Amino acid sequence: MTPQGYAPYATSPAQDAVLDAIESRPRPGDQVVLDLDGCLFDNRWRQVQILHEYAGERDCLELYAVQAEHFVDWNLDRTLANAGLPPKRIAQIHDDLRRFWAERFFSGDYVCLDRPMPGAVRLVRRLADAGVGIVYLTGRDHRMHDGSVLSLRRAGFPTPSSRATLMTKPSATLSDEAWKARALERIKRFGRAVVSIDNEPSNVNRFHRELPDALVVFVATDHSPLPVRPDPDLPVIRGFLRTDDPVPGIQRHPAP
Ligand SMILES: [Mg+2]
């Protein structure tokens with residue numbers, strides 16, 4: 001059973017081995033394809049901020065109770081229930097909150113509220129320093145491009161340059177799956193794509209089919225409610241930390 005839910009501080013020897021393989025597989029000039037949301041970035045902080053803004057703007061003070069750990073998937077009602085809101089109150093605010101959320105979540109101004117997954121910046125920098133091409137392939141659309149660059153810069157990731165490319169979706173109405181399938185054809189022309197990391201089962205399954213020689217890694221954080229499971233042959237990580245990383249004061253969870 002594939003684990004679900006963010007566990008950014010989880011570590012295990014198996015995860016160490018996958019991270020080793022991600023670092024050792026690419027040669028200079030090869031390409032590594034990296035997703036942003038739910039992969040290099042933990043989006044829960046963006047979500048918390050939006051719900052707290054709603055709490056203030058609508059004087060709906062119960063929503064200040066929402067914290068990052070209340071997000072286990074993309075079900076807004078479940079998040080609110082996890083934060084202690086009763087079903088009746090959730091039903092009252094659902095439609096208005098959903099609209100409020102959507103106006104902000106898919107905005108370039110708000111992507112800067114995400115936090116990088118612990119250990120992710122280190123990994124991507126090492127790859128870039130070794131001469132590996134970095135391709136950030138995201139389901140964010142073009143309107144979120146500049147905010148995404150700022151977010152990458154603030155977090156310390158290599159920013160778009162001769163060595164790093166940020167590919168955003170040309171239209172918000174294009175599905176992420178269709179966009180990534182199209183983008184993959186372009187990426188194949190950049191050079192040999194040898195590693196791909198994503199948190200969406202349909203994406204990792206596609207990359208696995210289309211790049212049979214690549215190391216395709218599933219990040220178990222959250223993903224869309226589509227009834228798709230990642231291919232069981234694919235390696236799974238919970239995050240980018242290793243068993244020997246010192247993270248004082250943080251409770252660890254075992255990775256698969
Ligand atoms: Mg993602």
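The structure reproduced in this document is the subject of the present report.

Definitions and cut-offs
Residues numbered from 1 in each chain as written. Predicted model: local features only at pLDDT ≥ 70, side-chain atom pairs only at ≥ 80, totals over all residues. Heavy atoms only, no water. Phe/Tyr/Trp six-rings, centres within 6.5 Å; stacked < 30°, edge-to-face > 60°. Helix = DSSP H or I, 4+ residues; strand = E, 2+ residues; numbered from the N terminus. Buried < 20%, exposed > 50% of the residue type's maximum accessible area, 1.4 Å probe, protein only. Lys NZ or Arg CZ within 6 Å of the ring centre and 35° of its normal.

Here we look at the packing of aromatic side chains
A complete count under the given rule lists eight aromatic pairs for this structure. Their ring planes at 70° and their centres at 6.2 Å tell us that W74 and W101 sit as a pair that is edge-to-face. Taken together, the residues W74 in the loop between α2 (44-57) and α3 (76-82) and W101 in helix α4 (residues 87-105) connect sequence positions 27 residues apart. Classification of W74 by relative accessible area gives partly exposed; the value is 29%. Plain terms: the ring middles of Y136 and F157 are 6.5 Å apart, the flat faces sit at 75° to each other, and that makes the pair edge-to-face. With Y136 in strand β4 (residues 133-141) and F157 in the loop between α6 (145-155) and β5 (164-169), this residue pair connects regions lying 21 residues apart in the sequence. A residue is classified by how much of its surface remains accessible, and Y136, at 0% relative accessible area, is buried. Among the aromatic residues, ring-to-ring pairing joins W74, W101, F105 and F106 into one connected group. Its guanidinium or amino end placed over the ring of F105, R46 lies 4.0 Å from that ring's centre, counting from NZ or CZ. The ring centre of W45 lies 3.5 Å from the NZ or CZ of R115, which sits over that ring.

It is worth stressing that arrangement in space is one thing and function is another; only the former is reported here.
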